[in-house]
Amino acid sequence: MSDPAVTDIIDPVKLDRLAEVAVRVGLSLRPGQDLLLTAPVVALPLVRRIAFHAYRAGAGLVTPILSDEEVTLTRYRAGHAAGFDRAAGWLYEGMARAFAQNTARLAIVGDDPMLLSGEDPLLVARASKANSVAYQPALEKIVNFETNWNIVAYPGPAWARLVFPGLPEHVAQGKLAEAIFAAARVDGTDPVGAWDRHNAALRRRTEWLNAQRFDALHFRGGGTDLRIGLADGHHWAGGASQSKNGIVCNANIPTEEVFTTPHCHRVDGHVVSTKPLSHQGALIDNIAMRFVDGRIVEATASRGGEVLSRLLDTDEGARRLGEVALVPHSSPISRSGLLFYNTLFDENAASHIALGQCYSKCFVDGGSMTPQQVAARGGNQSLIHIDWMIGCGDTDVDGIRANGSRVAVFRKGEWAW
């Protein structure tokens, strides 16, 4: 019996809707605008549909850059150790130039999250750091929202086996596809309309939070008691946002969060993770951290602690926060009960914080601020930006005003206002 065809495993109509949503909602691609697209080779069916919808929308040139799991593994099994401190800086410099010239950016995720789990963790860490350093010119264009960009997912077979262990590969891949389609709101007949309604709901939440002008947030529950000071002149964002080129886009599909920038010197207390973090081929579980004056002074994990320690040693900013995000416990991804082993999805199942680099767009007038001005207002700078989940059904969040008064924001994991 021959293996099932991809079209027998993954609904081609929903896959086409996902491609259309990525172009029309995720990017809001403009006529004449070029598109730079990165993806694993397993995602070629989605790459092709995105190219179709991009050109139909008037794209100037669609340039795909593909990666391959086997080639990645070959580096670790046959490459020389000295080469792991190198990365393709020339490629990222070219990307940065493209973004500066108004090229849109789209990334498809779908590789095996545990691909490097069996490789030398020191080599993995060295390669990751070298890549982070080389990627900075392009990353700065993305975190500063200088162009419209978007991330979507494709159900790669190895990823599917991890999320649905024990099932035949084609069954697991089909189930992961349906989970992706549901989370991305393309399982109905009007996905663009569904995204319009969802963006409107997220906008109401950000407008309420921005009107409150909280000085800090206080998280309690699930073993956490953490006060997060908010950056001076912070701005809440979520859902559709306008990039500096004037195009309104949805950077993440799916997304359930509203988020802003903490003050990197005003975080105090202790916090524990409520979901595992998949990072660099390792699963980091039961994370517990203590903050004093914004800096992590203690950090442990029941699993993946060595990876976590190396992550925190990336640079000074790696021990401080660059983002705080609110997600209700009843979010669709939380209700699915799945651990996706992928931050694009898992961060949308729970409120979370991020170690490392902040987003300049999360400031009032952030689009015109220099990195020095961002830092002066409490924004963090780092080579990394790693989200991990701290929310659960017992999470309470209070907004604290400058005069010390409190407003209920979350109660038992849900919006209180």
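Everything numeric here is computed off the predicted structure, so don't read it as measured data. (Residues numbered from 1 in each chain as written. Predicted model: local features only at pLDDT ≥ 70, side-chain atom pairs only at ≥ 80, totals over all residues. Heavy atoms only, no water.)

K.L.:
Any chance you could explain the nonpolar core here in plain terms?
P.N.:
The tendency in soluble globular proteins is for nonpolar side chains to be buried side by side. Within the largest apolar cluster, 53 residues are counted, with the highest numbers of intra-cluster contacts made by L35, L46, I50, L106, I108 and F345. The leading source of residues in this core is helix α2 (residues 12–27), at eight residues. If we ignore the near neighbours within four places in the chain, the residues touching L46 are L15, L18, A19, I108, V152, A153 and Y154. If you look at the next biggest cluster of nonpolar residues, it comprises 39 residues, including F214, L226, V307 and I386. (Core = buried A, V, L, I, M, F, W, Y, C linked by side-chain atoms within 4.5 Å. Buried < 20%, exposed > 50% of the residue type's maximum accessible area, 1.4 Å probe, protein only. Helix = DSSP H or I, 4+ residues; strand = E, 2+ residues; numbered from the N terminus. Contact = heavy atoms within 4.5 Å.)

K.L.:
Help me understand the sheet that holds strand β20 (residues 414–415) in this model?
P.N.:
For sheets, the rule is that strands pair by backbone hydrogen bonds, running either parallel or antiparallel. Here eight strands make up an open sheet; going across it, the order is β14-β13-β10-β6-β5-β18-β19-β20 and the pairing antiparallel. For this open sheet the edge positions go to β14 (295–300) and β20, each flanked by a neighbour on one side alone. Here five bridges tie strand β5 (residues 216–221) to strand β18 (residues 396–400), and the two strands are oriented antiparallel to one another. Among the inter-strand pairings, F219 is bridged to a residue of β18, identified as V397. (Pairing = 2+ DSSP bridges.)

K.L.:
Can you walk me through the packing of α2 against helix α3 (residues 44–56) in this structure?
P.N.:
Angle between the axes and distance between the axes are the two parameters that describe a pair of packed helices. Following both chains from N to C, one finds α2 and α3 inclined at 50°, their axes separated by 8 Å at the closest point. Our classification of the angle between α2 and α3 gives oblique. Both α2 and α3 take part in a crossing whose hand is right-handed. Facing L15, D16, L18, A19, E20, A22 and V23 of α2, the residues of α3 in contact are P45, L46, R49, I50, H53, A54 and R56. Taken together, the residues that form the contact of α2 with α3 break down as nine nonpolar, one polar and four charged. (Axes fitted to C-alpha atoms, helices over the stretch in contact; angles between N-to-C directions. Parallel < 35°, antiparallel > 145°, perpendicular 65-115°, else oblique. Left-handed = near helix turned anticlockwise from the far one by under 90°. Nonpolar A, V, L, I, M, F, W, Y, C, P; charged D, E, K, R; others polar.)

K.L.:
Would you take a moment to explain the pattern of salt bridges for this structure?
P.N.:
Side chains that carry opposite charge are capable of pairing whenever their charged atoms lie near each other. According to the stated counting rule, one finds 17 salt bridges in the structure shown. Salt-bridge contacts for E20 lead to R24; the nearest nitrogen and oxygen are separated by 2.8 Å. You can see E20 and its partner R24 sitting in helix α2, four residues apart, about one turn around the helix. We classify R24 as partly exposed; its relative accessible area is 46%. Of the charged contacts, one joins R77 and E119 as a salt bridge, the two residues approaching to 3.2 Å between their closest N and O atoms. Taken together, the residues span a long stretch of sequence, with R77 in helix α4 (residues 69–78) and E119 in the loop between β3 (104–109) and α6 (121–143) at a distance of 42 residues. (Salt bridge = Lys/Arg side-chain N within 4 Å of Asp/Glu carboxyl O.)

K.L.:
Would you mind going over unusual backbone geometry with me for this structure?
P.N.:
Backbone phi values are negative for most residues with the exception of glycine, while trans is the configuration of most peptide bonds. For the peptide bond that leads from I253 to P254, omega is 15°, which places it in the cis range. Positive phi, normally seen in glycine, also occurs at R185, with a value near 60°. With respect to the helices and strands, the residue R185 is situated in the loop between α8 (169–183) and α9 (191–212). Despite not being glycine, N286 has its phi angle at roughly 50°, a positive value. The topology assignment puts N286 in the loop between β12 (282–284) and β13 (288–292).

K.L.:
Could you clarify how one ought to interpret the environment of H270 in this entry?
P.N.:
Relative to the elements of secondary structure, H270 occurs in strand β10 (residues 262–272). On a C-alpha basis, the gap between H270 and V41 in space is 41 Å, while along the polypeptide they are 229 residues apart. Discounting residues that sit within four places of it in the chain, H270 has contacts with G223, T224, D225, L226, M289 and R290.

K.L.:
I tried to follow the pairing of strand β4 (residues 149–153) on my own but got confused; where do I start?
P.N.:
Successive side chains on a regular strand alternate, one facing one side of the sheet and the next facing the other. Across the five residues that make up β4, a large majority, four, are buried. Direction of pairing for β3 relative to β4: parallel, over a ladder of five bridges. By the bridge assignment for β4, V109 is matched with A153. What joins β3 to β4 is α6, and the crossover it makes is right-handed. (Right-handed = clockwise from strand over helix to strand, strands pointing away.)

K.L.:
What's the story with the side chain of D387 in this structure? I'm lost.
P.N.:
Mapped onto the secondary structure, D387 falls in strand β17 (residues 385–389). Every residue in contact with D387, bar those within four places of it in the chain, is listed here: L277, E323, T343, E347, H352, I353 and A354.

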